[in-house]
Amino acid sequence: MSDRTMARQVLLFIWFVSLSSALGQVSYSIPEEMAKGSLVGNIAQDLGLDLKRLKSGKARIYTGDSSEYIELNKERGVLLIKERIDREALCGQTTPCALHLQIILDNPMELFRVTVEITDINDNSPVFKRDERRFEISESAIVGSKFMLEKAMDADIGANDLQSYFLQPTDHFNLKLHGQSDGSKKVEMILQKPLDREKQENMSLILTAIDGGEPPKSGTVQIHVTVLDINDNAPVFTKPIYKAIITENSQSGTPLITVSASDSDKGTNGDVSYLIANSDGVSDIFHIDENGLVTLVGKTDFETSKHYQIDIEAVDNGGLSDSSKIMVDVIDINDNAPVITVMSKSNAIPEDSPQSTVTAIVNVNDPDSDSNGQVHCSVNENIPFTIKSTTNGFYSIVTDSDLDRERETEYNISVTCADEGVPSLSSSVTLSLQISDVNDNAPVFDKSSYEASVQENNAPGLSIFTVRARDADFKQNARVSYILEDSSVNGVPVSSLVSVSADSGVIHAVRSFDYEQIKDFQFRVKAQDGGSPPLSSNVSVKIMIQDQNDNAPQVLYPVQSGASVVAEIVPRSADVGYLVTKVVAVDVDSGQNAWLSYKLQKATDRALFEVGLQNGEIRTVRQVTDKDAVKQRLTVVVEDNGQPSRSATVNVNVAVADSFPEVLSEFTDFTHDKDYNDNLTFYLVLGLAVVSFLFIVSIIAILSVKCYRWRRERMFYKSGANLPVIPYYPPLYADVGGTGTLQHVYNYEVCRTTDSRKSDLKYGRPCSESIISLDSSGTQTLTHAQRERLNFDDCEDQQKPPSADWRFTQNQRPGPSGAAATPEVAVGTGPWPNPPTEAEQLQALMAAANEVSEATNTLGPGTMGLSTRYSPQFTLQHVPDYRQNVYIPGSTATLTSNQQQPQQALPPPQAAIAAAAAQSEPPKAAQTPASKKKSTKKEKK
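Residues numbered from 1 in each chain as written. Predicted model: local features only at pLDDT ≥ 70, side-chain atom pairs only at ≥ 80, totals over all residues. Heavy atoms only, no water.

In the annotation of an unreviewed UniProt entry, the entry for the protein chain reads Protocadherin beta-16-like isoform X25, and the organism field reads Carassius auratus. Regarding the protein chain, the relevant UniProt record gives this comment under Subcellular location (unreviewed entry): "Cell membrane". (UniProt positions renumbered as here; feature names shortened; annotations may be inferred.)

**Comments concerning the overall build of the protein chain**
Along the backbone of the protein chain there are 11 helices and 53 strands. Taking all 941 residues of the protein chain together, 37% fall into the buried category. Within the protein chain, contacts between residues separated by at least 24 positions form 66% of all contacts whose residues are at least 6 apart in sequence. As displayed, the protein chain offers around 54,400 Å² of accessible surface, 52% of which is attributable to carbon and sulfur atoms. (Helix = DSSP H or I, 4+ residues; strand = E, 2+ residues; numbered from the N terminus. Buried < 20%, exposed > 50% of the residue type's maximum accessible area, 1.4 Å probe, protein only. Contact = heavy atoms within 4.5 Å. Areas by Shrake-Rupley, 256 points an atom, 1.4 Å probe, with all protein chains shown as cover.)

**With respect to the sheet that holds strand 11 (residues 173–179)**
In any sheet, the strands associate via hydrogen bonds between backbone groups, in a parallel or an antiparallel arrangement. The 3 strands lie next to each other as 9-12-11, forming an open sheet whose pairing is antiparallel. Every other strand in the sheet has two partners, leaving strand 9 (146–148) and strand 11 as the edge strands with one partner each. When strand polarity is set aside, the average angle formed by the axes of neighbouring strands in this sheet is 35°. Sheet topology places strand 11 next to strand 12 (residues 185–191); 7 bridges connect them, and they run antiparallel. If you follow Leu175 over to strand 12, its bridge partner there is Met189. (Pairing = 2+ DSSP bridges. Axes fitted to C-alpha atoms, helices over the stretch in contact; angles between N-to-C directions.)

**Observations regarding the sheet that holds strand 19 (residues 272–276)**
On the basis of which strands lie adjacent, the open sheet formed by 4 strands has the order 16-23-22-19 and mixed pairing. A single partner strand is all that each edge strand has here, and the edge strands are strand 16 (241–247) and strand 19. Averaged over neighbouring strand pairs, the angle between their axes works out to 30° when direction is ignored. As defined by bridge partners, strand 22 (residues 307–316) adjoins strand 23 (residues 321–331) across 9 bridges and the pair is classed as antiparallel. Across the sheet, the residue bridging to Ile310 is Ile326, located in strand 23.

**Details of the confidence of the model for the protein chain**
Here the protein chain averages 75 in pLDDT, and 71% of its residues register 70 or above. Within the protein chain, the lowest mean pLDDT, 33, falls on strand 52 (residues 773–775), and the highest, 95, falls on strand 39 (residues 498–500). Contacts of residues 670–674 to residues separated by more than four positions or lying in other chains number 6 contacts, the stretch itself having pLDDT below 50. (pLDDT = per-residue confidence, 0-100.)

**Things to note about unusual backbone geometry**
With omega at -5°, the peptide bond leading from Asn107 into Pro108 counts as cis. Inspection of the secondary structure assignment puts Pro108 in the loop between strand 6 (97–105) and strand 7 (110–119). Note the cis peptide between Glu214 and Pro215, where omega equals -10°. Following the sequence through the fold, Pro215 ends up in the loop between strand 13 (202–211) and strand 14 (218–228). One non-glycine residue with positive phi stands out, namely Asp370, at about 55°. Position of Asp370 among the secondary structure elements: in the loop between strand 26 (358–365) and strand 27 (375–379). With relative accessibility at 67%, the residue Asp370 sits in the exposed group. Residues other than glycine seldom take positive phi values, yet Asn457 does so here, at roughly 65°.

**With respect to the packing of aromatic side chains**
Here the structure, examined in full by the defined rule, presents 11 aromatic pairs. On the numbers, 5.6 Å between centres and 75° between planes, the contact of Phe286 with Tyr308 is edge-to-face. Here Phe286 is found in strand 20 (residues 286–288), whereas its partner Tyr308 is found in strand 22, with 22 residues between them in sequence. With a relative accessible area of 1%, Phe286 lands in the buried category. For Tyr308, a relative accessible area of 10% translates into the label buried. Three or more aromatic residues joined by ring pairs make a cluster, and in this case those are Phe135, Phe147 and Phe173. The ring of Phe302 has Lys306 sitting right over it, with the charged end atom 4.8 Å from the ring centre. When the ring centre of Tyr515 is taken as origin, the NZ or CZ atom of Lys519, which lies over that ring, is 4.9 Å away. (Phe/Tyr/Trp six-rings, centres within 6.5 Å; stacked < 30°, edge-to-face > 60°. Lys NZ or Arg CZ within 6 Å of the ring centre and 35° of its normal.)

**Section: the side chain of His172**
Within the secondary structure, His172 sits in the loop between strand 10 (162–168) and strand 11. His172 sits in the buried class, given a relative accessible area of 13%.

**A short note on the state of the cysteines**
Using the criterion set out here, one finds 2 disulfides in the structure. Across a sulfur-sulfur distance of 1.8 Å, Cys91 and Cys97 are joined as a disulfide pair. Here the S-S torsion is close to 65°, and the disulfide linking Cys91 with Cys97 is therefore right-handed. Cys97 matches Cys91 in its accessibility class, with the two residues each being buried. There is a disulfide in this structure between Cys377 and Cys417, and the S-S distance comes to 2.1 Å. For the disulfide bridge between Cys377 and Cys417, the dihedral angle about the S-S bond is near 110°, and by the sign convention the bridge is right-handed. In this pair, Cys377 is assigned in strand 27 and Cys417 in strand 30 (residues 410–419), connecting sequence segments 40 residues apart. (Disulfide = S-S within 2.5 Å.)

**Focus: a nonpolar patch on the surface**
Together, Phe682, Tyr683, Leu686, Val690, Phe693, Leu694 and Val697 line one region of the surface with nonpolar side chains, adding up to about 720 Å² of accessible area. Residue position: Leu694 is located in helix 6 (residues 674–719). In this structure Leu694 comes out as partly exposed when scored by relative accessible area, which is 47%. (Patch = residues over 30% accessible without salt bridge, like charges linked within 9 Å, V, L, I, M, F, W, Y side chains within 5 Å. Salt bridge = Lys/Arg side-chain N within 4 Å of Asp/Glu carboxyl O.)

**Describing the environment of Tyr395**
Mapping Tyr395 onto the fold places it in strand 29 (residues 394–399). Taking the C-alpha atoms as reference points, Tyr395 and Ala360, 35 residues apart in sequence, are found 8.4 Å from one another. Each residue touching Tyr395, except ones within four places of it in the same chain, is listed here: Ala360, Ile361, Val362, Val364, Val375, Cys377, Ile387, Lys388, Ser389 and Thr390.

**Here's the deal with the environment of Asn174**
As for its position among the elements, Asn174 is in strand 11. Given a relative accessible area of 27%, Asn174 falls into the partly exposed group. Sequence separation between Asn174 and Lys193 is 19 residues; the distance between their C-alpha atoms is 9.9 Å. Residues within four places of Asn174 in sequence aside, it is in contact with Leu167, Glu188, Met189, Ile190 and Gln192. A distance of 3.2 Å separates a polar atom in the side chain of Asn174 from a polar atom in the side chain of Gln192. (Polar contact = N/O pair within 3.5 Å; in protein donor to acceptor, adjacent residues only side chain to side chain.)

**Considering the pairing of strand 14**
Alignment of strand 8 (residues 132–138) against strand 14, held across 7 bridges, turns out to be parallel. Paired with Ser138 across the strands is Leu228, a residue of strand 14. Taken together, the 9 bridges between strand 13 and strand 14 define a ladder with antiparallel strand orientation. When the sheet's bridge partners are listed, Leu205 is paired in strand 14 with Ile223.

**Observations regarding the pattern of salt bridges**
A side chain with one charge can pair with a side chain of the opposite charge if their charged atoms come near. Taken as a whole, this structure holds 16 salt bridges when the rule is applied. The closest approach of N and O atoms between Arg134 and Glu132, which form a salt bridge, is 3.9 Å. We classify Arg134 as exposed; its relative accessible area is 57%. Its salt-bridge partner being Arg619, residue Glu617 comes within 2.8 Å of it at the nearest N-O pair. Using a relative accessible area of 19% as the deciding quantity, one classes Arg619 as buried. Where salt bridges share partners, they join Arg87, Glu88 and Asp120 into one cluster.

**Here we look at the environment of Pro96**
Inspection of the secondary structure puts Pro96 in the loop between helix 4 (87–91) and strand 6. Note on Pro96: relative accessible area 59%, which makes it exposed. Spatially, the C-alpha atom of Pro96 lies 9.5 Å from that of Asp120, the residues being 24 residues apart in sequence.

Structure (structure tokens):
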């Protein structure tokens, strides 16, 4: 680069910097191809920034693309060349060529734009595409003939671009340049002197292209010119028509025939070249060389063309020519497999199609000739189909056995056709055939029977489990619906217990189950498909109810009575382990939920008594002393083993005394608290008022309904059959809540037909009902006469009052001998006839205790083990006579005075001590002097 050019670039650089500062940005101009690390400019100085600001602001360059030609040196505050810059690679012919940078500073944020212009240097020479160019020019060419030359290309721009061309030597040719719209120049070589082959047959010229750089660069291309002789004789073939044969599918390069043509000229004008003049693609199949040998270069196909005509031409170097043709016959071989064409086919056929049903028609064609075109067809084995020939080239595929979609839903029928050629060729086609379904399979359940369990106290609508049946058919024929078959469980329709979802087979509980009422039940579910006609199957389902701890223990003994006090007597001489009594309880639940445990919750003296954890026996823990209170009150908790557990409490009154009068005198004061009595009186009065009000309202309502119905019946009978019968049906509700062991009560609505007055059903009703017979299962409207007759029958069917035969007569009771039984005493409700002595009272208590023990041993299986509630060592020595009113709740056993004679069930209990305490004036025994003293002391107290 000259000093003058460098000076101009420096001045241009200074001008750019000053202009950029005025515009608020910095611009630099640098030449291309600068070395790596060369200085571009002092950016800190040009932007007026301190070097510390560049460091503290974390100055960085953002280019916007991946190329980074410029880097920032923050230590010096300058821009340096990071990578070598080639303007031609970066911008091509685009001017000006510039790099746009942004310098970013933080704290505070600032953005400066920097533009770096890349100037061109003359680093590229003009280049021709080819190194040499050849021309063959006849010596008969006229002066002024033009020959187009190749243009040179220069990657530089501006003054460094291509400027001019030179041609040397210029004896016969010179150059002519034509400017074009894109700025380039068209180069032509002009013949300015006639050519003479005899003087100069070959010429060599050099074309030079020069650019405008300093120093200029150039590029050259070699031009070779050959002068051709003038041709005045044309070649001549030896035959006007040539014949040849070839086998189809011969290999490429197979020679076919050799042709010949001669030229009377000498030298190059006598040299003859051969070519194929066909324009129909024959030249792609055959080739002729310079010696006239015709060879096969493509493929011959007898089916495509049986004959070929090759037009050949002989041409000398002067362009003169002669023509001829070759007739080629193609010999056929077995090179074509049969062609199978599906004319028509069925995509699907029903599985119950009869034999010989046509599923497809195909056409088979073999383009070969003679035996090579004879075809035989077959189908694959082990399928219920065969192929039959119908007409020439047409075949039918038919069924030859029964179809079953469940065994095979789809068949791929392979049709194979082979010809009789040697070797034989074959082809095949595969036809896909769907077998459509017919309803020939009934649903099949997954199991032969089902068992499931559900917890009792379930919510109605609970999903218990799912039955599932599968149908081997398809679509609608395989759509299974589930139906609950009609049956009954203990006289109750199974539909009132469970329901089945028709679509999913989910079995739901219609009601809440109670394990204590029903432990399991069976029913049948029918699965029916959606075919026409439908097919079905059924399965047995067993539902087992699982017990829950939904019942609290029930205390059977001691019996609790709110109107009286029952006490167990413990003598003061009782030793450690003395059996006071036994708490007997049952739990109607089963299994673990019925395992009971007994605990002492409260006691007047905890150190005196204990309760057996498993058997509920109350025993003394220590020796009874005179200091122990006569009245002892124990609270026993009976708890089951369920989760969560349930419990019941019972209060046991124990009297620590040696004599009955002492116990009686103590327990006459064992009354309820005054607050309790006041509350009880208030609730009794309130209950009486409510009952009276409801009774009056009920009487008024009944009378109103009877009057209305009487008037309506009178109108009905007067009108006869001319008026339509519109029976009146009052609303019915069957409230059975609280009668079972369920935690919840559920009401169910039952609907009947409107013509229920014609029903033959008979309903039981209480005798007191005089208007309409009601039942939870339906209604019935009766005439007046029918109602009277029904009421009369019902009254006759009422249960007779229970017999009192089980009660003991006065003669059977212990007491003074010879005492006569009065009518009041005979029924067991009156007082003793004569005041008994204390010895007679003790004798009566012992006899009653023994009879109670014997009666307990006679209890049946339903007593839940009550026969063992007393140990052999346990005797009630001081218990009053309560044989006539002993009652054990929950037991089906009877108490008898004679073991050979069964008696009726006992009435509700009331202990003898409670009866004695309830009397206003208890009977007084004949007092001895000692008893008079004790009575005087107690009365004073």
